Amino acid sequence: MQSSVSEKQISPYDLTINLIRHGPKASFDGALTEEGKNKAKGYFSGHVFLGRKLLSRRIVSSPVIRALETAEIFAECVGIIKSEIQVDNRLSEGNVLLFKNLLPPDDQPEWFKLWYLAQKSPKENILIANQVLNYFSDWLLEKIKEYDLASPVVIDSFTHGPVMAAIILKIEELTDLVILDKPNSTEDRYSFDRLFVGSSSAFGYMASLSFYYNHNFPNVINLTVKDREFELPLSVIKKLKTA
């Protein structure tokens, strides 16, 4: 099981944004399996979330059914009614796995690398990585501006593994940081197994990463991935939009 959404204390940060991958699904475009629902419920109820009911928190989800179902399970665990879940298309992956099916069979094992490096989408409903990064940058910067409040706010955001992986890979490129486990080779950097499969992967089901922001220090944002903490210039998030 992946590590929980960071248990880092909210103070001195007044905005915490957790990005959480959905639970196990029945098919690449389908809903959660029953096992996936049970795993998500057990996973969330067993961590720190129940102790944070008194915090001002928001739940946002990709419109894709597997992400929305995971968000609804989470909402139940933290005592938030489902109708309060906000849906935002900018957290979607845009049917990214259809990209794999459009590739020649020999290329399909490297679908994530080819998707991440793609310059053009073969179909309108497939977002390539640059589009995903543009949407995410817009969304995160909007939340920073929107929640310039005196009391701490937590935004639990349910999205997809490829979205999270694209964000971290691009931040690595922009900063020369090694955020994920160092790959064995340059080619292995985009390996599906490294990113999404097994206990050592960064973005398996219900994996998470967190951004922390303090409006008193407007040029800095902190990032936690797999219990590793990084301080980033906010300009890095802005550069995602021009990636």
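Note that the structure is predicted; figures quoted are calculated from it, not measured.

Examining the packing of aromatic side chains
Point 1. For the coordinates displayed, the defined rule picks out 13 aromatic pairs.
Point 2. With a centroid separation of 5.8 Å and 40° between ring planes, the pair formed by Phe 136 and Phe 211 is classed as tilted. Here Phe 211 lies in strand 5 (residues 208–213) and Phe 136 lies in helix 5 (residues 129–146), a separation of 75 residues in the sequence.
Point 3. Given the relative accessible area of 0%, Phe 136 is considered buried.
Point 4. Given the relative accessible area of 2%, Phe 211 is considered buried.
Point 5. Among the aromatic residues, those joined into a ring-pair cluster are Trp 111, Phe 112, Trp 115, Tyr 116, Tyr 190, Phe 192 and Phe 196.

Side note on helix 6 (residues 161–175)
Point 1. For helix 6, with 15 residues, the first-to-last C-alpha span of 21 Å sits near the 21 Å given by 1.5 Å per residue.
Point 2. Most of helix 6 sits inside the fold, with twelve of its 15 residues counted as buried.
Point 3. Of the residues one or two after helix 6, Asp 176 is the one with positive phi, at around 65°.

As for the environment of Val 78
Point 1. With respect to the secondary-structure elements, Val 78 resides in helix 2 (residues 65–78).
Point 2. Classification of Val 78 as buried rests on a relative accessible area of 3%.
Point 3. The spatial distance from the C-alpha of Val 78 to the C-alpha of Ser 45 is 8.1 Å, given a sequence separation of 33 residues.

Looking at helix 5
Point 1. In this model, helix 5 (18 residues) spans 25 Å end to end at C-alpha, consistent with the 26 Å of a helix rising 1.5 Å per residue.
Point 2. Of all the residues in helix 5, the buried ones are Ala 129, Val 132, Leu 133, Phe 136, Ser 137, Trp 139, Leu 140, Lys 143 and Ile 144.

Section: the pattern of salt bridges
Any two side chains of opposite charge can pair, given that their charged atoms come close.
Point 1. What the rule picks out here adds up to 13 salt bridges.
Point 2. In this structure, Arg 90 engages Glu 142 in a salt bridge whose closest nitrogen and oxygen atoms are separated by 3.0 Å. You can see Arg 90 sitting in the loop between strand 3 (86–87) and helix 3 (97–101) and its partner Glu 142 sitting in helix 5, a full 52 residues away along the chain.
Point 3. Residue classification places Glu 142 among the partly exposed residues on the basis of a relative accessible area of 33%.
Point 4. Linking Glu 172 and Arg 189 is a salt bridge whose minimum nitrogen-to-oxygen distance equals 3.5 Å. Taken together, the residues Glu 172 in helix 6 and Arg 189 in the loop between helix 6 and helix 7 (192–196) connect sequence positions 17 residues apart.
Point 5. Look at the salt bridges and you will find they share partners, linking Asp 88, Arg 90, Glu 142, Lys 143 and Glu 146 into a network.

Reading the values: rules and limits
Residues numbered from 1 in each chain as written. Predicted model: local features only at pLDDT ≥ 70, side-chain atom pairs only at ≥ 80, totals over all residues. Heavy atoms only, no water. Phe/Tyr/Trp six-rings, centres within 6.5 Å; stacked < 30°, edge-to-face > 60°. Helix = DSSP H or I, 4+ residues; strand = E, 2+ residues; numbered from the N terminus. Buried < 20%, exposed > 50% of the residue type's maximum accessible area, 1.4 Å probe, protein only. Expected span 1.5 Å × (residues − 1). Salt bridge = Lys/Arg side-chain N within 4 Å of Asp/Glu carboxyl O.

The values reported here are purely geometric and, on their own, carry no functional implication.
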